[in-house]
Amino acid sequence: MKLTPFLTLSALFISAFSLTGHSQDKELTLYTQRHYAFDEEVHAKFFKKTGIKVNVVKAAADELIVRLQEEGENTPADLFMATDGGTLHRAHEAGILQPMTSEAALEKVQPPLREKGSHWVAMTKRARVIIHSKDRVDPSELSTYEALADESWRGRVVVRSSTNSYNQALLTTMIDADGRKKSLKWASGVRKNMARPPQGSDRDQVRAVAAGLADVAIVNTYYLGILETAEEKKDRDAAAAVKIFFPNQAGRGTHINISGLGVVKASSKVGLANQFIDFLLSDEVQALYSKNTFEYPVVDGVPLSKRQKVWGEFKADDVNFSVLGELNAEAIKVFNEAGWE
Ligand SMILES: [Fe+2]
């Protein structure tokens, strides 16, 4: 008796499935760790333009990678998207991505912003910078990430936990450039200089500097954009109390990371996936990211938003993003040795 509603439901489900069988051809499933409301607007625009619906599954990146490995051939996913080059590298290493054939990815984005075998492509760039109190820090006091370990910064630095992939990525590039020994010394020095044990998000670090708890923080630029445009006045005031400093301009350049995506190996919808990737890499959408998520375009010639122009131009570190993945485990060890929670 109790089975009846179940049977009815599943019968309905099956018929709904077969009824929409045709439109299923025009659907993509995206596994993503991104959490931006604006991404949904992008998907809506894409649907309006192409009739292709994007079904989104959001979770932590490593969870999604494991899920894709477990689902294998049976995965409903067509695309995998992450907010860290190291994570994209790990996804490729896990064998869950196929070489992409999107024209825009192959023609408009060159390595290192595209994996050399085209298993993933960057969609946006993000810069990890120093933000400083306008009142208490003169930009002339600032130079490099490395210099934040100097004794002159004792008790003046805030930065989030070392479990965060953005910090791990920054440290991999430092290990790559300066070596392990110097990087450990740096991490220990910064740990000593912290105004409080690592806690909270990048936004919380900006809030802490604005509140006078510390003088400098290491954060991704787009979080400042989010605070500058926040609904809460308190957040807009916090953003107004600080300024961006682009470190390492006389040397290797400011650390950048990427958000990017790849086509899932088991996907049979490569054509639709290509249309989606082409759309994300169109000049129109690239400019929209600059304006709305405050990330930087990956396509040359796309103008920066007004806000990003105000933040200023900078020289970016041209590190190969595979380094972010290859040295990730090493970076975690160094952070642990340094006692950076
Ligand atoms: Fe983020």
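Here the structure is a predicted model, which is why all the values come from computation and not from measurement.

**Q** Requested: an account of the packing of helix α8 (residues 180-193) against helix α16 (residues 328-338), with residues and values cited.
**A** Following both chains from N to C, one finds α8 and α16 inclined at 45°, their axes separated by 8 Å at the closest point. When the axes of α8 and α16 are compared, the pair comes out oblique. Both α8 and α16 take part in a crossing whose hand is right-handed. Contacts between α8 and α16 involve Arg 180, Ser 183, Leu 184, Ala 187, Ser 188 and Arg 191 on the former and, on the latter, Glu 330, Lys 333, Val 334, Phe 335, Glu 337 and Ala 338. For the contact of α8 with α16, the residue count by class is 5 nonpolar, 2 polar and 5 charged.

**Q** How would you summarise the pairing of strand β5 (residues 121-133) if you had to cite specific residues and measurements?
**A** Counting buried positions along β5 gives 12 out of 13 residues, so the element sits mostly inside the fold. Relative to strand β9 (residues 256-264), β5 runs antiparallel, the two sharing 6 bridges. By the bridge assignment for β9, Val 121 is matched with Leu 261. Bridging between β5 and strand β10 (residues 296-297) involves 2 bridges; their strand directions are antiparallel. Paired with Lys 125 across the two strands is Tyr 296, which belongs to β10. Bridge count between β5 and strand β7 (residues 216-220): 5 bridges; the pairing is antiparallel. Paired with Val 129 across the strands is Val 219, a residue of β7. Sheet topology places β5 next to strand β8 (residues 242-245); 4 bridges connect them, and they run antiparallel. Bridge pairing links Ile 131 to Ile 244 in β8.

Parameters at a glance
Residues numbered from 1 in each chain as written. Predicted model: local features only at pLDDT ≥ 70, side-chain atom pairs only at ≥ 80, totals over all residues. Heavy atoms only, no water. Axes fitted to C-alpha atoms, helices over the stretch in contact; angles between N-to-C directions. Helix = DSSP H or I, 4+ residues; strand = E, 2+ residues; numbered from the N terminus. Parallel < 35°, antiparallel > 145°, perpendicular 65-115°, else oblique. Left-handed = near helix turned anticlockwise from the far one by under 90°. Contact = heavy atoms within 4.5 Å. Nonpolar A, V, L, I, M, F, W, Y, C, P; charged D, E, K, R; others polar. Buried < 20%, exposed > 50% of the residue type's maximum accessible area, 1.4 Å probe, protein only. Pairing = 2+ DSSP bridges.

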